[in-house]
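For reference, the chains in residue letters:
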Amino acid sequence: MIDPQPKGSHFIDGTHVEDGNGAEIPVFYPASGARIATVYAATDAVVEQALASATRAQAEWAALSGTERGRVLRRAADIMRDRNRDLSELETRDTGKPLQETLVADATSGADALEYFGGLTGSLTGDHIPLGADFAYTRREPLGVCVGLGAWNYPTQIACWKAAPALACGNAMIFKPSETTPLSALQVAEILHEAGLPPGVFNVVQGRARVGSLLVNDARVAKVSLTGSVPTGRKVYAMAAVGMKHVTMELGGKSPLVIFDDADLENAVSGAIMANFYSSGQICSNGTRVFVQKGIKEAFLKRLSERLEGVKMGDPLDEAVNYGPLVSAEQLEIVEGYIAKGIEEGARLVCGGKRVEREGYYLEPTVFADVTDDMTIAREEIFGPVLSLLEFETEDEALARANDTEFGLSAGVFTRDLARAHRMIAGFEAGTCYINSYNDAPVEAPFGGTKMSGLGRENARDAIEHYSQKKSVYVRMGDVEAPF
Ligand code: TXE
């Protein structure tokens, strides 16, 4: 078992660093509210230490061959898999997500990213461009020092999804976890160093918005990748613009899941459960606006209610438990506020809606029917276990209403009609889509949003484009002609 209290709040230049002068950040186990650790926000001196270390280490790291860099990442992936149980237990303590989930979706998906990008590093090249006798070529070069800012829902996964492509391309990274879940990124740092990463190439500093903005505003930083809310995304993007820095923004959503009459009912219900209640609904890509065609609506609701009886709430460290608490008391309050709004605005509460009578931040899985497009619960990201069911009649209507949102992260469709499925996908204004499935995120496929949900893509070869740049080189083979 990993002691939740880290040896130091930060990990800089290959070692744990502590500075108790920083603001205290308490860490709570969401299933009980018990304090399990304390870390301290980085002071200006700690931030400086991280920036100096990353800047120095980056050049050295970039000078290695791709194969050498890849070997380190792949070794780290193996260590992560070997320690999956311990890492999953820590993730469960930090986030409250059921161990049943963290065992298969957190360190494992982080390891996938390290393995995938570790495998790519040797083949990250530029191009040769023939120009008659002359030619040009491109060099694929790292950006430099990258900053990663994490959210609290998938701490290990987010750290790895950002670190793996950044490091593969020869960048260094300073990662700031969410202040709500600061623990597991430190494990990622330790594992990378055990795998042979030179000190300073991956650093972790703790802190809230202030530390994040110190990092984003520093002239030594070339790129910022954020996973978080739209308001934070706006601020960070604006700060990065001042320094003309590269950005990747993975922000929130209010994604549609459209279920047609001809869909396999059982699979559609499974999809809706995965799209709303996995991780107690705290997933950015969730399909929280569930549009169900009129003919199947009552049957869908009935089956959904029956399936929700399969929820097993309890201590998330018990592997039989499949539904855990929300991440924090604050998040619980936010979600309760939305539920009250849903009731006030006339949505029909089909099930759930209440806090659970036990310690910890538990909220019943909640389903609203008779939701209309203008209701707050259909427009704003709730980030909790609240499903809104909306009825529709025609395909054109469903598509228009699905797209009537400022967000554009994900969208899904359940139907047995192949042509209709592809028509819907072509029409969806969203970056990550699903046919007869929901919320899969394999490292081999790009992940990211459109509209207010962000820009850039994580995972797949696409991420390489967001962590490297090409230098064009013109090579003249003959004499240079000049007018005088
Ligand atoms: O995100 P924040 P939080 C959404 C969800 C949730 C809300 C808040 O709606 O309710 O975000 O979650 C750092 N300069 N998502 O608090 O506030 C901050 O410290 C620099 C969606 O986690 O956006 C944290 O590390 N950095 C999301 C990170 O940015 C700043 C998953 C995100 O913080 C900063 C989780 C600043 N001014 C929550 N302000 C998703 N898309 O998956 C904050 N930060």
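In what follows, the accompanying structure is described. Remember, predicted model here, so these are calculated numbers, not experimental data. One numbering rule holds for all chains: residues counted from 1, following each sequence as written. In keeping with the predicted nature of the model, local features appear solely for residues at pLDDT of at least 70, side-chain atom pairs appear and are counted solely at 80 or more, and the whole-chain, interface and lining totals rest on all residues. No hydrogens and no water enter the side-chain calculation; it runs on all heavy atoms of the structure.

## Brief notes about the sheet that holds strand β14 (residues 348–351)
Moving on, step 1. Only strands that DSSP links by at least two bridges are regarded as paired with each other. Helix and strand definitions here come from DSSP, where helices need a minimum of 4 consecutive H or I residues and strands a minimum of 2 consecutive E residues; each element is numbered from the N-terminal end. One open sheet holds the seven strands; their spatial order is β14-β15-β16-β13-β12-β18-β19, and the pairing between them is mixed. Pairing within the sheet leaves two strands with one partner each, and these edge strands are β14 and β19 (432–435). Adjacent strand axes in the sheet meet at a mean angle of 20°, parallel and antiparallel pairs treated alike.
Moving on, step 2. In terms of strand pairing, strand β13 (residues 289–293) meets strand β16 (residues 386–392) through five bridges, oriented parallel. Bridge pairing in β16 links Gln293 to Phe392.
Moving on, step 3. Residue contacts follow a heavy-atom distance rule, with two residues in contact if any of their heavy atoms lie within 4.5 Å. Axes, fitted as lines to C-alpha atoms, cover a helix only where it is in contact. Angles between the N-to-C directions of the axes lie from 0 to 180 degrees. Of the strands in this sheet, β12 (256–259), β13 and β16 touch helix α14 (residues 395–403), which is tilted by about 145° from β16.

## Some points on the pattern of salt bridges
Where side chains of opposite charge bring their charged atoms close, a pairing between them can arise.
Moving on, step 1. When a carboxyl oxygen of Asp or Glu lies within 4 Å of a side-chain nitrogen of Lys or Arg, that pair is called a salt bridge. Taken as a whole, this structure holds 37 salt bridges when the rule is applied.
Moving on, step 2. One salt bridge in this structure joins Arg81 and Asp112, with 2.7 Å as the shortest N-O distance. With Arg81 in helix α2 (residues 66–82) and Asp112 in helix α5 (residues 107–120), this residue pair connects regions lying 31 residues apart in the sequence.
Moving on, step 3. Given a relative accessible area of 32%, Arg81 falls into the partly exposed group.
Moving on, step 4. According to the relative accessible area criterion, Asp112 is partly exposed, its value standing at 34%.
Moving on, step 5. Here Lys297 ties to Glu391 by a salt bridge, and the two come within 3.0 Å at their closest N and O atoms. Each residue is placed in one exposure class: buried if its accessible area under a 1.4 Å probe, protein chains only, is under 20% of its type's maximum, exposed if it is over 50%, and partly exposed if it falls in between.

## A closer look at unusual backbone geometry
Moving on, step 1. The phi dihedral of Ser279 is positive, around 50°, even though this residue is not glycine.
Moving on, step 2. Its location among the elements puts Ser279 in the loop between α10 (265–274) and β13.
Moving on, step 3. Ser279 gets classed as buried once you look at its relative accessible area, which sits at 2%.
Moving on, step 4. In the Ramachandran plot, Asn439 falls in the positive-phi region, its phi being about 75° despite a non-glycine side chain.
Moving on, step 5. Within the secondary structure, Asn439 is located in the loop between β19 and β20 (450–451).
Moving on, step 6. Taking relative accessible area as the criterion, Asn439 reaches 17% and is therefore assigned buried.

## Remarks on the packing of aromatic side chains
Where two aromatic rings form a pair, the distance of their centres and the angle of their planes describe that pair.
Moving on, step 1. Aromatic contacts are taken between Phe, Tyr and Trp rings whose centres are within 6.5 Å, Trp giving its six-membered ring; a plane angle under 30 degrees counts as stacked, one over 60 as edge-to-face, and the others as tilted. By the definition in use, this model includes six aromatic pairs.
Moving on, step 2. Look at Phe260 and Phe392: their rings are 5.3 Å apart centre to centre, the planes differ by 90°, and that puts the pair in the edge-to-face class. Within this pair, whereas Phe260 is found in the loop between β12 and α10, its partner Phe392 is found in strand β16, the two being separated by 132 residues in sequence. Like Phe260, the residue Phe392 is buried in the burial classification.
Moving on, step 3. The cationic tip of Lys97 hangs over the ring face of Tyr154; the distance from NZ or CZ to the ring centre is 3.2 Å.
Moving on, step 4. Counted as over-ring charges are cases with an Arg CZ or a Lys NZ within 6 Å of the ring centre that also lie within 35 degrees of the ring normal. Directly above the ring of Tyr467 sits Lys223, whose terminal nitrogen or CZ lies 4.3 Å from the centroid.

## Remarks on the nonpolar core
Moving on, step 1. In plain words, nonpolar cores are sets of buried Ala, Val, Leu, Ile, Met, Phe, Trp, Tyr and Cys residues tied together by side-chain atoms within 4.5 Å. Counting 85 residues, the largest nonpolar core has Leu167, Phe202 and Phe300 as the members making the most contacts within it.
Moving on, step 2. Among the elements that make up this core, the one with the highest residue count is helix α6 (residues 155–168) (nine residues).

## Examining the environment of Ile343
Moving on, step 1. Considering the arrangement of structural elements, one finds Ile343 in helix α12 (residues 329–344).
Moving on, step 2. According to the relative accessible area criterion, Ile343 is partly exposed, its value standing at 44%.
Moving on, step 3. Non-local contacts of Ile343, meaning those with residues more than four positions away in its chain, are made with Leu349 and Phe368.

## Some thoughts on the pairing of strand β8 (residues 172–176)
Moving on, step 1. Here β8 lies mainly inside the structure; five of its five residues are buried.
Moving on, step 2. Side chains Ala172, Ile174 and Lys176 project from β8 onto one buried face, and the interleaved Met173 and Phe175 project onto a second face that is buried too.
Moving on, step 3. When strand β7 (residues 145–149) meets β8, the two strands line up parallel, connected through five bridges. Bridge pairing links Gly148 to Phe175 in β8.
Moving on, step 4. Looking down the strands as they point away from you, a crossover is right-handed if its path from the first strand over the helix to the second goes clockwise. Following the chain from β7 across α6 to the adjacent parallel β8, one finds a crossover that is right-handed.
Moving on, step 5. Two elements, β8 and strand β9 (residues 202–204), share three bridges in a ladder whose sense is parallel. From the neighbouring strand, Ile174 faces β9, where its bridge partner is Asn203.

These results come straight from atomic positions and should not be treated as a statement about function.
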